[in-house]
Amino acid sequence: MVDLYIYYKVRDEHAARLAPLVRAMQADLALPTGVTGSIKRRPGAQDGRQTWMEIYLATPNGFDTALAAAVRQAGLDQFTDGPRHSEVFMDISTCA
């Protein structure tokens, strides 16, 4: 299992509309996958844009595909400014 960290830019004027959509998408995604997501943002804004991050811990195989479908279905891209960037992290094994 891996942890996913997805960050993207959001224009200030879209933040109030996007936040409930992301939360609803995460709630809908948690039902079939069992993965509860969280959402965070950097303090402040730069050039009228905020940086947001979705975090999904201990994701099973295929979660990224389910997430991409959920994002499309929720129409999140209409409120983001640029692409979503994904980072994948895993636990460090006790056996090196």
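Please read these numbers as outputs of a predicted model, since none were measured by experiment. Residue positions within a chain follow its written sequence, with the count starting from 1. Only residues with pLDDT of at least 70 get local features here, since the model is predicted, and only at 80 or more are side-chain atom pairs given and counted; chain-wide, interface and lining totals rely on the full set of residues. In computing side-chain values, all of the structure's heavy atoms are included and hydrogens and water are not.

**Points about helix α1 (residues 12-33)**
Part 1 of the reasoning: What counts as a helix is a DSSP run of H or I of at least four residues, what counts as a strand is a run of E of at least two, and both are numbered from the N terminus. By definition here, a helix of n residues has an expected span of 1.5 Å times n minus one. With 22 residues, α1 should reach 32 Å at 1.5 Å per residue; the first-to-last C-alpha distance of 31 Å fits that figure.
Part 2 of the reasoning: Relative accessibility decides the category of a residue: with a 1.4 Å probe and only protein chains considered, values under 20% of the type maximum give buried, values over 50% give exposed, and everything between is partly exposed. Taken together, the buried positions of α1 are occupied by Ala15, Leu18, Ala19, Val22, Met25, Gln26 and Leu29.
Part 3 of the reasoning: Elements that come into contact with the buried residues of α1 comprise β1 (2-11), β2 (37-41), β3 (49-59) and α2 (63-74).
Part 4 of the reasoning: With its phi angle positive at about 75°, Gly34 sits one or two positions after the end of α1. Residues are treated as being in contact if the distance between any of their heavy atoms lies within 4.5 Å.

**Quick notes on the layout of surface pockets**
Part 1 of the reasoning: As a volume, the largest pocket reaches approximately 210 Å³.
Part 2 of the reasoning: Along its surface, the largest pocket is lined by Leu4, Ile6, Asp64, Leu67, Ala68, Val71, Asp77, Thr80, Gly82, Pro83, Arg84 and Ser86.
Part 3 of the reasoning: The greatest single-element share of the lining of the largest pocket, amounting to four residues, is contributed by α2. A pocket, in this scheme, is an open set of points on a 1 Å grid over the protein atoms alone with protein on both sides within 12 Å along at least 5 of 7 lines, while a cavity is a set where a 1.4 Å probe fits but cannot get out; residues line either one if an atom lies within 4 Å of a point. Grid points are joined across faces, edges and corners, and a volume is the space filled by probe spheres set on the points.

**Observations regarding the side chain of Thr80**
Part 1 of the reasoning: Topologically, Thr80 is positioned in the loop between α2 and β4 (85-89).
Part 2 of the reasoning: Within polar-contact distance, the side chain of Thr80 engages the backbone oxygen of Asp77 at 3.3 Å. Two N or O atoms form a polar contact when they lie within 3.5 Å of each other; inside protein one atom must be a possible hydrogen donor and the other a possible acceptor, and for residues adjacent in sequence the pair counts only when both atoms belong to side chains.

**With respect to the pattern of salt bridges**
Part 1 of the reasoning: The term salt bridge refers to a pairing of a side-chain nitrogen on Lys or Arg with a carboxyl oxygen on Asp or Glu at a separation within 4 Å. Inspection of every chain in the model, using the stated rule, returns three salt bridges.
Part 2 of the reasoning: Ionic pairing is found between Asp81 and Arg11, a salt bridge with its closest N-O pair at 3.4 Å. Here Asp81, found in the loop between α2 and β4, pairs with Arg11, found in strand β1; they are 70 residues apart in sequence, far enough to count as distant.
Part 3 of the reasoning: A residue is classified by how much of its surface remains accessible, and Asp81, at 24% relative accessible area, is partly exposed.
Part 4 of the reasoning: Note that Asp81 is salt-bridged to Arg49, the shortest N-O span being 3.4 Å. Residue Asp81 is located in the loop between α2 and β4, and its partner Arg49 is located in strand β3; the two are separated by 32 residues in the primary sequence.
Part 5 of the reasoning: Here the salt bridges share partners, and the residues they tie into one network are Arg11, Arg49 and Asp81.

None of the figures reported here should be taken as evidence of function without further support.
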